[in-house]
Every structure is written in structure tokens, then in C-alpha cells.
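One-letter residues, chain by chain:
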Amino acid sequence: MLNNVGRPTQPMETDDNMVTVETFTGNHGLALETPLIFEQGVPGRVGVDMEEPAPVKSRLGNLARKGEIGLPDLSEPQVLRHFVRLSRQNYAIDAGFYPLGSCTMKHNPRINEKVARFSGLGDLHPLQPASTVQGALELIDSLAHWLKTITGMPAVAMSPAAGAHGELCGVMAIRAAHEAKGETRLRILVPESAHGTNPATAALCGYKVDAVPARKDGRMDLEAFAAKLGPDVAGVMLTNPNTCGLFETEVKQIADMIHEVGGYFYCDGANLNAILGRVRPGDLGVDAMHINLHKTFSTPHGGGGPGAGPVVLSEALAPFAPLPYVVQGEAGFELLETRHGLAKDSFGRMKGFHGQMGMFIRALAYMQSHGADGLRQIAEDAVLNANYVRVGLNDMLNSPFDGICMHEALFDDSTLKGTGVTTLDIAKAMIDEGYHPMTMYFPLVVHGAMLIEPTESESRETLDQFIGAMRHLLERAKSGDVAYFQGAPHFAPRRRLDETGAARNPVLRYSPSTEEEKGTAAS
Amino acid sequence: MSYRFTEDHEWVLVEGNIATIGISDYAQGQLGDVVYVELPSVGGDVSKGDELAVVESVKAASEVYSPVSGEVVEVNGELEGAPTLVNEDAMDTGWFAKIRIKDASEIEELMDETAYKSFVEGLDE
């Protein structure tokens, strides 16, 4: 096994031949431990010397805090070291390959960051008068224009804060459209392979979720779908490409069928990366679709920044879009803030301000630095990379659905049958190899699913090394080395965590007394 | 009486006009460690195929569908504090709910133990 610059790697050390050295501090070289921040406080210690504020007459009445606030007293270097140490135990796309399926963990280009830090953009406040932020409003308007162009849709709501918030926006618009016609509809159809947020969104909007089974080829079962259609169906929520990494080839037909019964077509745009510049959802009959700027348009996520989930809307749903939104008035750009004029049918407001400005800047920088041909190549390379991984592994792992995949390669765990090694064990062993694990046990329609999305960011060398590592692990699993896998991860800052214990007895809040009572003081 | 099963891996045990419902041992094995069970309210009516409960494991949250129509007369409160019962004893003390049966013929449509066993074997191939 060669690493990606062609030098032989060191033989892997296992627990058997590794000498365990306990240090006095608990640190291991550059791997530095840090106690909980609450345990580091020393009463009276401060980060910044400030004079006691002059006494003011309290207007809080009986709302004033009675007890201690319970925050630790810390110095600035203590705080800095605590969080720097924690950050060094983290895994990020900036550190390595992150093939988490359906999450599109692509590289976040530095030019995005540079533009977002321009003082004319980075130092704005959302409450500034519109006349002082014309450039920022124009930027939102430009991004909206390109999102509409890319998707072939006539309108876009920019304010939703992330994917699931975008789904909520779309389904609220669907409900508002039915209500405007004086109709009450009860059911939303959702395929079994959907992201869990789809049924959750429908349920939150008061709909009964009716699951549509998948066909043997991984697409939605059209006959079962047809059988469930009726005048009480508000809409269908379909992810395309779906979570099996497959394009829903009958998507036009699905759109026609839902429209025939007066329902609307919500498309989950989580996997837009695979079809960028190749397919316009507007041409497929979509009525609403969220766009994860943090996936497709490279804004940092997974702990690196907030999401952003603009929702493109069809003519039918556009009048119900949430407030506020940017329009071009006589005196320049302005924000429509109330239900008047154009916005008289809006279903209301979903968010305090106009959306995630920092993410808008990065997404537009990404689009403009790539151009139309570059965006198209993103989709092509993302699909190529996923198929490269699929073909690199498909003699050792079973693909539950035949043929070429889109942006992600899906495998089941049939190859592990009888080995005693599970999908979870493989994921933990991947951590030892320096990879963030793939998405596992999802979609639910595939047994022991392993969902691998490499994205277009990765070079052939990275993919070759990853495929080599996976092949090595699978061979090891088949050779009967169960103990190695059950002990994984061996080299992470923490070994296998008790996920069951954490889920059954979650301790969500630090309190010294709780720690003592339970006798589980953090170590 | 003997167990009857659905294709969604619920089991039913009938005594008189009361049906006790749980999930099969195969189902608990597939789910992995169960961490939470959401039970229906006593007194509520369910129809066959309605969502009766939700069982959450470290891998996934899954719906448990009612194999029969009727009124929920009792739920297994033990599961709230000890969801592990579903893993340890799925077919007995890990039961979910008891339902007063409205239409006994619905039971007849379900698989018996032999049929369910070969159904599960078919899934594993």
C-alpha cells in the first residue's frame, strides 16, 4: 500500500504490539487533553480587567436573577487553549477526505472567505437603513437571479436558514396555496428512502405522512404512488437524485400525476450537486425545492458555519413566499417586510432577518468564480468521482441497485455476513485510517447501508488511497480479525463511545451535583 | 393461543378479545440497541395499519403499525424506563400495547409462526 505521494506507509501498529505509555499529564505528545470548561474556572479570575459598572436602578422587578449565573471565571489564554485543544480533536474537510453520503462535504474555496471578509460586506448590520446597504441587497438579488436561472424556476425565497427550514418553507407555501383555494388537504406522500426531515416537515405542518415504498431498482414505486393519490393529497416530497444515489427517471410523470389531483410537487434539493447545470428542476414540474447553499454552493457546514436553504418556487406557489424579500423599487433595492402589494398573500415570516448573508456572499463568490461551464463540470466530476469509488469497490461490496450512480455510491452489508463485523465497525475502523466515516444505516431501505459521497473536490490520488484503505479493511474483516474491528477506533482521541448509553440516559446539561450523584465525574 | 405476525415484523397474541402487540425478535435484532419507545395513549382508537408506536434505536427510528383495529386498553409503561426490554425479551415482557379487538377476522389474515419464519428466511437471502 502506497500513500498518495508514492512513499511506503509505516506498517500499522495494533494494540498487540503497541506499547502503552501513560504520561503524567494525560496528554500524548501533541494530543492534548482539556477538562470541561466548567471545571477550569477559578473564582475571581478574569479575562479582561474592567471597572465595576456604575450602579443603575434595576427595571427587572421580580424577573431579576436571584442565584449565581453559574459561568466559570476564566482567563483569556485558558479559554483560547480550551477551544484550540478541542478543535484539534475535530475532523474537518480542511483536514481530510469526508465522504459523508448525502451531505456533499466539498472543499470550501478560500476566495469565498476572502470576499465574505470585505469590510463592505462583513461589517454590515441587518438593521442598517436600506439606503446604506444597496450593494448587499443587490448581492442577494443577484444570487436569487442565478438560483432561479440554474433551477429554471420563477421565484425564490431567500430567508430559510437551512435545508429542513427550506422544506418547512416549501410545505407552508403548499398549505397556504391550498388554503387560498378554500381546500383542506390531509396527506403528504413521502417515499420510504426520503431524508427523515421530509416526513418530519410534513407532520409539523399538520399533514399525515403516507409512505410510498421503493421499487426493486431503488426508485419510487409508481403504481403504489398512483394508488395513494386522491383529492386529499396536498403534495409529494421527493428527493432527486434520491438518497440511493439514483436519478428518479419518472420524475416528470410523478409531477404530472400529483398535479392532476391538484397537489404540489416538493423536491428535496439536497442532492442538487449531481445535476447542477445539467437538469433544471423547473423543467421537471417541480413546485418548490430548497437549495442547500452549504452543500451545493460550498459554504462551510458540519460545524464550520450556519446553513442556508433558499427555496425556489413555481408560479403557483410564488405569491405565498415568506417575508421579507428583496425587490427593486424606484429608489433602489428594498426589502418587502409586510403583507402588502406583491406580498399580500405571503404566509408570513420564518426568520428575524433576510437570511444567512454570510452564506449568500460565499455562494455567489463560488458561482461567479466557477462560471456556467464550471458549475456544470462540478456535477460531472461529482458523478464521475462517485462512480470511480463504486467501481473501485464493487467486486468486494454489493451495490443493491444496478448501474451507474449519481453523486454517491451506495453499498449494502451483505459482504460482511458471517464475519461478525458490522457496518458500524467498518465506520469506526475508517476513523483509524484518517477518514470521516461514510453515512451508515441510511437509506433505511438498504440493509446495513454504506453511503459514500466523494464530491468533485477530491483528486484521483485521494480516491485511490481511500479505495485502497476500504479494500484493506474489507479483506481484514473477511479474514476473521473481528477483534480489531470491535476495538476500533484505536487511534482516535476517544475509543468506542457508548452510543446506546448516551441515547438511553442522555446528560445534556452540566451540573456539579449531577456529576457527583451519578459518580461519573468527567475524566 | 399462538403468535401471529405481520410483514412489518409486529407480533400479536390474542387472549379472549384482547390482542397483545410487540415487535418480533428478528425485528429487534435488525434495529440494534433500542433507546426509546413512544407508546400510544390508552383509550385511543386505532385502525389496522395505523401507526401504533415508534421505536428508536441507535441506528434508526421506525414506526410500529397496528396489526388489528380496536381500542388501546393498556400500554407497557415499563418500556419508558427500560427500552432494553425490547432487545432482551421482544416476544414477551417487551410487548408494546394491548388492544380490544374490533374485528377478529383481521387476525386470521396474519402469518402464523411457520409462515413468518420462512418469510424472514426469505429476507435474509
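Residues numbered from 1 in each chain as written. Chains lettered and ligands numbered in written order. Predicted model: local features only at pLDDT ≥ 70, side-chain atom pairs only at ≥ 80, totals over all residues.

Break down the overall build of chain A for me, with residues and values.
Broken down by element type, chain A carries 15 helices and 12 strands. Rg of the C-alpha trace for chain A: 26 Å, near the compact-globule value of 24 Å for 523 residues, within the 12% margin. Seen along its three principal axes, the alpha-carbon backbone of chain A occupies a region of about 75 × 70 × 45 Å. Burial status across chain A gives 38% buried among its 523 residues. Sequence separation of at least 24 residues holds for 71% of the intrachain contacts in chain A that already meet a minimum separation of 6. (Helix = DSSP H or I, 4+ residues; strand = E, 2+ residues; numbered from the N terminus. Rg over C-alpha atoms; globule rule 2.2 N^0.38 Å. Buried ≥ 20, exposed ≤ 12 C-beta atoms within 10 Å, placed from the backbone. Contact = placed C-beta atoms within 7 Å.)

Would you mind going over the sheet that holds strand E7 (residues 61–65) of chain B in detail, with residue names and values included?
All names here are of chain B. Read from one edge to the other, the open sheet built from three strands follows the order E4-E6-E7, with strand pairing classed as antiparallel. Single-partner strands in this sheet number two, and they are strand E4 (34–38) and E7. The mean inter-strand angle of the sheet, taken between neighbouring strand axes irrespective of direction, is 25 degrees. For E4 and strand E6 (residues 51–57), the ladder comprises four bridges, and the chain directions are antiparallel. Looking across to E6, one finds that Tyr-36 is bridged to Glu-56. (Pairing = 2+ DSSP bridges. Axes fitted to C-alpha atoms, helices over the stretch in contact; angles between N-to-C directions.)

With reference to specific residues and values, describe the packing of helix H4 (residues 134–151) of chain A against helix H10 (residues 357–393) of chain A.
The description of two helices packed together rests on the angle between their axes and the distance between the axes. Residue and element names in this part refer to chain A. Interaxial distance between H4 and H10 falls to 10 Å at its minimum, and their mutual angle equals 55 degrees. Judged on the interaxial angle alone, H10 and H4 are oblique. Crossing of H4 over H10 shows left-handed handedness. Only Met-357, Phe-360, Ile-361, Ala-363, Leu-364 and Met-367 of H10 make contact with H4, whose side of the interface consists of Ala-136, Leu-139, Ile-140, Ser-142, Leu-143 and Trp-146. Residues of the contact of H4 with H10, tallied by class, amount to 11 nonpolar, one polar and no charged. (Parallel < 35°, antiparallel > 145°, perpendicular 65-115°, else oblique. Left-handed = near helix turned anticlockwise from the far one by under 90°. Nonpolar A, V, L, I, M, F, W, Y, C, P; charged D, E, K, R; others polar.)

How would you explain the interface of chain B and chain A if you had to name every residue and give the values?
How big an interface is tends to be expressed through the accessible area that disappears when the partners come together. Every contact between the two is made by six residues of chain B and, on the other side, six residues of chain A. Grouping the amino acids of the side of chain B that touches chain A by side-chain chemistry returns four nonpolar, no polar and two charged.

Account for the pairing of strand E3 (residues 208–212) of chain A, naming residues and giving values.
Residue and element names in this part refer to chain A. Judged from the five bridges that link them, strand E2 (residues 187–191) and E3 form a sheet pairing that is parallel. From the neighbouring strand, Pro-191 faces E3, where its bridge partner is Val-212. Since E2 and E3 lie parallel, the crossover through helix H6 (residues 197–204) that links them has a hand, and here it is right-handed. (Right-handed = clockwise from strand over helix to strand, strands pointing away.)

Can you tell me about the nonpolar core, naming the residues and giving the values?
The biggest cluster of nonpolar side chains holds 120 residues, and the ones touching the most others in it are A:Val156, A:Ala173, A:Ala288, A:Leu313 and A:Phe360. In terms of residues, this core owes the most to one element, H10(A), which gives 16 residues. (Core = buried A, V, L, I, M, F, W, Y, C linked by C-beta atoms within 7 Å.)

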